[in-house]
Structure formats: C-alpha cells, structure tokens
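# Per-entry structural report
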Amino acid sequence: QAQLVESGGGLVQAGGSLRLSCTASGLAFSSCIMNWYRQAPGKERELVASISIDGRGTNYADSVKGRFTISRDNAKNTVYLQLDSLKPEDTAVYYCKAVRPLQYDVWGQGTQVTVSS
C-alpha cells in the first residue's frame, strides 16, 4: 500500500526554521515528482515547492522563494522541505504529494506548522 508520512512540523517563532520530512513506502519513489503543498485555515490548498525525479529541477511559489528549500534523497525514499525565515503567514498544514506521471498520485496526512509573531 502506497503511503507518505510527513514529520518535522511544530511551533516556532517568526524568523525561525523547521525541516519537514516526507518518507514514502509502497511506491516507486525514485520515479515520482515530489511536491509540498500547504493549507491554511479557511484557504485553499496551495503548491509550495516541487522537485524533479532526479532532484536537479525545483520550483517554488513566489511567497516562499529564497526562504524554503526542497530536496530529496532517493536512497532514503524521502523528500525534505527546509523552512527558514518563517513568517506567521506560513502557518498551515503542510502536505507532501508524490506524482508518478500518467500513473498515480499519493498524498500524505499532513504536518502542522505554526509560526508565532
């Protein structure tokens, strides 16, 4: 059964940092484009960052460029999201999503990030 498990969320003060992890099982991780999304209360889920299968290509939402960094370790079936210079508006549930093009996509259960001012 395909599964993604996120971890690393928590409460942090503005300006602080967190590192989120998402570990996959039951799917061909090294063949998947990996994405991080977030959803704040009362808002739609938005794409935060994506990373290509080989890790060489990344994309970020304008709101997080220069502050967040996505990376992956295919040997560990894990994708990371480094969150630096956090702002209160970064508060959200963060989800990872695996996409195997034309085959399937899988969501994780989410991890809460709360940034206090």
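In this text, all values refer to a predicted model and were calculated from it rather than measured experimentally. Counting from 1, residues in each chain are numbered in the order their sequence is written. Only residues with pLDDT of at least 70 are given local features in this predicted model, and only at 80 or more are side-chain atom pairs given and counted; all residues enter the totals for whole chains, interfaces and linings. As a rule here, side-chain values come from all non-hydrogen atoms in the structure, and water together with hydrogens is ignored.

A few words now on the state of the cysteines. Think of a disulfide as a covalent bridge from one cysteine sulfur atom to another cysteine sulfur atom. When two cysteine sulfur atoms lie within 2.5 Å, the pair is treated as a disulfide. Under the defined criterion, the tally for this structure stands at one disulfide. Note on cysteine connectivity: C22 is disulfide-linked to C96, with sulfurs 1.9 Å apart. Between C22 and C96, the S-S torsion sits near 55°, and that sign places the bridge as right-handed. Placement of C22 in strand 3 (residues 18–25) and of C96 in strand 9 (residues 92–100) is noted, with a sequence separation of 74 residues between them. For the pair C22 and C96, one class covers both residues: buried. We note that C32 lacks a disulfide partner, and the nearest cysteine sulfur, in C22, lies 10 Å from it. Strands are runs of DSSP state E lasting at least 2 residues, helices are runs of H or I lasting at least 4, and numbering of each runs from the N terminus. For the exposure calls, accessible area comes from a 1.4 Å probe over protein chains only, and a residue counts as buried if that area is under 20% of its type's maximum, exposed if over 50%, partly exposed in between.

A pair of strands is considered paired only if DSSP assigns at least 2 bridges between the two. With respect to topology, four strands assemble into an open sheet ordered 1-3-8-7, the strand pairing being antiparallel. Edge strands, defined here as strands with exactly one partner in the open sheet, are strand 1 (3–7) and strand 7 (68–73). Pairwise comparison of adjacent strand axes, ignoring direction, gives a mean angle of 15° for this sheet. All axes here are fitted lines through C-alpha atoms, helices being fitted over the stretch that makes contact, and every angle between N-to-C directions spans 0 to 180 degrees.

Formed by 30 residues in total, the largest nonpolar core has its most connected members in L4, M34, W36, L81 and Y94. When residues of this core are traced back to their parent elements, those giving at least two are strand 3, strand 4 (33–39), strand 5 (46–51), strand 7, strand 8 (78–83), strand 9 and strand 11 (111–116). Contact definition: two residues touch when any of their heavy atoms are within 4.5 Å. With residues near it in sequence (within four places) discarded, M34 still touches L4, C22, F29, A49, S50, I51, I70, R72, V79, K97 and A98. In these notes, a set of buried Ala, Val, Leu, Ile, Met, Phe, Trp, Tyr and Cys residues joined through side-chain atoms within 4.5 Å is what counts as a nonpolar core.

Take the packing of aromatic side chains next. The geometry of two aromatic rings is summed up by the distance between their centres and the angle between their planes. The criterion for an aromatic pair is that two Phe, Tyr or Trp rings (for Trp, the six-membered ring) have centres within 6.5 Å, with stacked assigned to planes under 30 degrees apart, edge-to-face to planes over 60 apart and tilted to the rest. With the rule as written, the count across this model stands at two aromatic pairs. Where Y95 meets W107, the ring centres are 6.3 Å apart and the plane angle is 85°; that geometry is what we call edge-to-face. Here Y95, found in strand 9, pairs with W107, found in strand 10 (residues 104–107); they are twelve residues apart in sequence, far enough to count as distant. On the basis of relative accessibility, which here comes to 14%, the residue Y95 falls in the buried class. With a relative accessible area of 33%, W107 lands in the partly exposed category. Ring pairs connect the aromatic residues Y37, Y95 and W107, which therefore count as one cluster. Should the NZ of a Lys or the CZ of an Arg lie within 6 Å of a ring centre and within 35 degrees of the ring normal, that charge is described as sitting over the ring. The aromatic ring of Y95 is capped on one face by R45, whose charged end is 3.7 Å from the ring centroid. The ring of W107 has R45 lying over it, and the distance from NZ or CZ to the ring centre is 4.6 Å.

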